[in-house]
Amino acid sequence: MQAPVMQEWIDVGPADLTEGELRGLEVGERLVLLARLNGRITAMDDSCNHAGCLLSGGWLQEKKSAVVCPCHEYAFELGTGRNVTFPRLCDDQRAFAVRIDAGRVMIRLDESSEGSPHGA
Ligand code: FES
């Protein structure tokens, strides 16, 4: 029996986000946030690890290249999910690798190679 493929790219829809857009998606049982800033599309968990609010209801902070949670205004860096708020009262968000393929957004639900695994 073959081992399951661990790192599968998943098509999560058209790469038609407008500049500054936050888009919340359901991908299987996971809530995923897509964001577009300076032409780059990134993905992370949409459910904030602080208290579960949806980051897709928040806003972008261009200076930190981060998304800000609407509930308690913690900011998470796009691309890495790193919590860039001080004091750091919650963890980093899980970020996902993204690639654009033939006008579609493809993501991988394992940890982004760009992201910092928790505790590292
Ligand atoms: S739920 Fe996101 S900052 Fe509190």
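First, a word on scope: everything that follows refers to the structure included in this document. Each chain carries its own residue numbering, running from 1 in the written order of its sequence. Under the rules for a predicted model, residues below a pLDDT of 70 receive no local features and side-chain atom pairs below 80 are neither given nor counted, while totals for whole chains, interfaces and linings still include all residues.

## Quick look at unusual backbone geometry
Negative phi characterises most residues that are not glycine, and trans characterises most peptide bonds.
Here's step 1: Each neighbour pair has its own omega, and for F86 with P87 the value is -5°, a cis peptide bond.
Here's step 2: Along the chain, P87 falls in the loop between strand 7 (75-77) and strand 8 (95-101).
Here's step 3: Backbone geometry at S65 places phi at a positive 50°, although glycine is not the residue there.
Here's step 4: Strands here mean DSSP runs of E at least two residues long; helices mean DSSP runs of H or I at least four residues long; both are numbered from the N terminus. Note that S65 resides in the loop between strand 5 (59-61) and strand 6 (66-68).
Here's step 5: Accessibility expressed as a C-beta count within 10 Å gives 18 for S65, which makes it partly exposed.
Here's step 6: Of note in the backbone geometry, E73 takes a positive phi value of approximately 65° without being a glycine. Between the buried cut of 20 or more and the exposed cut of 12 or fewer other C-beta atoms within 10 Å of a residue's own C-beta lies the partly exposed class, and all C-beta atoms are placed from the backbone.

## Digging into the sheet that holds strand 6
As a general point, the strands of a sheet are linked pairwise by backbone hydrogen bonds and lie either parallel or antiparallel.
Here's step 1: Strand order in this open sheet of three strands is 5-6-7, and the pairing throughout is antiparallel. Only two strands of the sheet have a single partner each, and these edge strands are strand 5 and strand 7. If you compare each strand with its neighbour and ignore which way they point, the axes differ by 35° on average.
Here's step 2: In this description, strands pair whenever DSSP reports at least two bridges between them. Inspection of the sheet shows strand 5 paired to strand 6 by three bridges, in the antiparallel sense. Every axis in this analysis is a line fitted to C-alpha atoms, fitted for helices over the stretch in contact. Angles between the N-to-C directions lie between 0 and 180 degrees.

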